[in-house]
Amino acid sequence: MLYPLKFKPIYKERVWGGNKLSTVFGRVKKTGKVIGESWELSSMSDNLSVVTNGFLKGNNIQELIETYLGDIVGDKVYETFGIELPLLFKLIDSAERLSVQVHPDDEVALKRHNAYGKTEMWYVVDASESSQIYAGFNKDLDKDEFRTRIHDVSLEEVLNVEQPEKGDVFFLPAGRIHAIGEGLLIAEIQQTSDITYRIYDWGRENNPLTARDMHVQLAEDVIDYKHRESYKNQYVTEENSATELVNCKYFTTNLLSFSKETARHYADLDSFVVYMCTEGKAKLVCDDMAAETISAGETVLIPAIFNSVSIIPDTNVKLLEVYIP
């Protein structure tokens, strides 16, 4: 019988990595490495997440889907994506600013890279007072001005800058220029794609020790140059309720904030459900049978075969609930 599944995190060294995975979630201790990303659940072919609990321990995510098909991911999801889980779940821990970048949409990514594009979202788990997030532009641009600002290193002047706080949400459709600033711990939910066009790296691209390839020419044809009035998602949460944060064609993300036992019903969903716990601890009971605990910093996959999940908090718990709409 299937059950709620946990996976071994895949840690990624990054020059800009921070320490909030350790200080906030008590993870990544004494590795001697600078960790910037923890891939919580990944179906990328060279980074397959492996189960850590129950009788399926040691199996990777694609082996599970290949064996259990729609019982794991949902029939429609399996018909569309096969053994690839269409979403990638990360925790990002930044001590320094990440590169300014943009992602192509499905059409461009398929044509150029035979891959999916990347639409994503960020949920701010923790932020420092000096933290900044860069999303979109602070005015309308065009390709000519973009090229000029790349040439004279003045792109930063037209980036829209946000002062993020814990609980803030940013939706980043393909084509939106963006960068994560320093002092942030972010839960990222994205399409299963690693196609990134780096545009500017705050001068690190000029240091032989930190230089990485830039992709300005590829980026300029996919960027959305139009200014938006707001780049931060607005929402109001209530205790013991589910609040929609993002609803797009690739994923729906709700914030579950519970202090008492609550049931979530998925019989009509035909999709896997992933919980990312940002605060507290709870017991998850699927169809009154299969049970598992989830604590702050953990991610759990609920197979699509289950019709309901009872969430039984220890005290207060906050979960990001993600599924394919």
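Refer to the structure above for everything that follows.
Residues numbered from 1 in each chain as written. Predicted model: local features only at pLDDT ≥ 70, side-chain atom pairs only at ≥ 80, totals over all residues. Heavy atoms only, no water.

K.L.:
Just checking my understanding: could you explain the pattern of salt bridges for this structure?
P.N.:
Oppositely charged side chains can form a pair if their charged atoms are brought close together. Per the stated rule, a full pass over the model turns up 20 salt bridges. Taking the shortest distance from any N to any O, the salt bridge between glutamate 156 and arginine 97 comes out at 3.3 Å. On the criterion of sequence distance, the pair formed by glutamate 156 in the loop between α6 (143–151) and β10 (159–162) and arginine 97 in the loop between β6 (87–94) and β7 (100–102) is long-range, its members being 59 residues apart. Overall, the relative accessible area of 25% leaves arginine 97 in the partly exposed class. The residue aspartate 221 makes a salt bridge to lysine 143 at a minimum N-O spacing of 2.7 Å. Placement of the pair is aspartate 221 in the loop between α7 (216–220) and β15 (232–233) and lysine 143 in helix α6, with a sequence separation of 78 residues. Owing to a relative accessible area of 46%, aspartate 221 belongs among the partly exposed residues under this scheme. (Salt bridge = Lys/Arg side-chain N within 4 Å of Asp/Glu carboxyl O. Helix = DSSP H or I, 4+ residues; strand = E, 2+ residues; numbered from the N terminus. Buried < 20%, exposed > 50% of the residue type's maximum accessible area, 1.4 Å probe, protein only.)

K.L.:
Where do I start with the sheet that holds strand β21 (residues 290–295) in this structure?
P.N.:
The pairing of strands in a sheet comes from backbone hydrogen bonds and takes either a parallel or an antiparallel form. Taken in spatial order, the four strands line up as β18-β23-β20-β21 in an open sheet, and their pairing is antiparallel. Each having just a single partner strand, β18 (262–265) and β21 make up the two edges of the open sheet. Within the sheet, the average angular offset between the axes of one strand and its neighbour, ignoring direction, is 25°. Bridge count between β18 and strand β23 (residues 308–313): four bridges; the pairing is antiparallel. Bridge pairing in β23 links histidine 265 to serine 308. (Pairing = 2+ DSSP bridges. Axes fitted to C-alpha atoms, helices over the stretch in contact; angles between N-to-C directions.)

K.L.:
Explain the environment of lysine 318 to me, please; I cannot follow it from the model alone.
P.N.:
Looking at the secondary structure, you find lysine 318 in strand β24 (residues 317–323). A sequence separation of 40 residues divides lysine 318 from threonine 278, and the C-alpha atoms of the two residues are 5.7 Å apart. Once residues lying within four places of it in the same chain are set aside, the contact partners of lysine 318 are Leu255, Leu256, Ser257, Met276, Cys277, Thr278 and Glu279. (Contact = heavy atoms within 4.5 Å.)

K.L.:
In this structure, what is going on with the side chain of threonine 196? I would like to understand it.
P.N.:
Looking at the secondary structure, you find threonine 196 in the loop between β13 (184–191) and β14 (197–200). Side chain to side chain, threonine 196 and lysine 118 meet in a polar contact 3.4 Å long. The contacts of threonine 196, once residues within four sequence positions are left out, are Gln101, Val102, His103, Lys118 and His215. (Polar contact = N/O pair within 3.5 Å; in protein donor to acceptor, adjacent residues only side chain to side chain.)

K.L.:
Looking at this model, I keep getting lost on the nonpolar core. Mind explaining?
P.N.:
Proteins that are soluble and globular tend to have nonpolar side chains buried together. In terms of nonpolar packing, the biggest core is built from 60 residues, with Phe89, Phe272, Tyr275 and Ile311 touching the most fellow members. Counting residues in hydrophobic clusters, the runner-up holds 20 residues, among them Phe146, Ala179, Ile199 and Tyr225. (Core = buried A, V, L, I, M, F, W, Y, C linked by side-chain atoms within 4.5 Å.)

K.L.:
How should I be thinking about the sheet that holds strand β17 (residues 252–258) in this particular structure?
P.N.:
Taken together, the six strands give an open sheet; going across it, the order is β1-β22-β19-β24-β17-β16, and neighbouring strands pair in antiparallel fashion. Sheet topology places β1 (5–6) and β16 (241–247) at the edges, where each strand pairs with a single neighbour. In this structure, β17 lies alongside β24, joined through seven bridges in antiparallel fashion. Opposite leucine 256, over in β24, you have leucine 319 as the bridge partner.

K.L.:
What exactly am I supposed to notice about unusual backbone geometry here?
P.N.:
Across the chain, the bulk of peptide bonds are trans and the bulk of non-glycine residues have phi less than zero. With a phi angle near 50°, asparagine 114 is a residue other than glycine that sits in the positive phi range. Within the element layout of this structure, asparagine 114 appears in the loop between α5 (106–113) and β8 (120–127). With a phi close to 55°, aspartate 270 is a non-glycine residue in the positive phi region.

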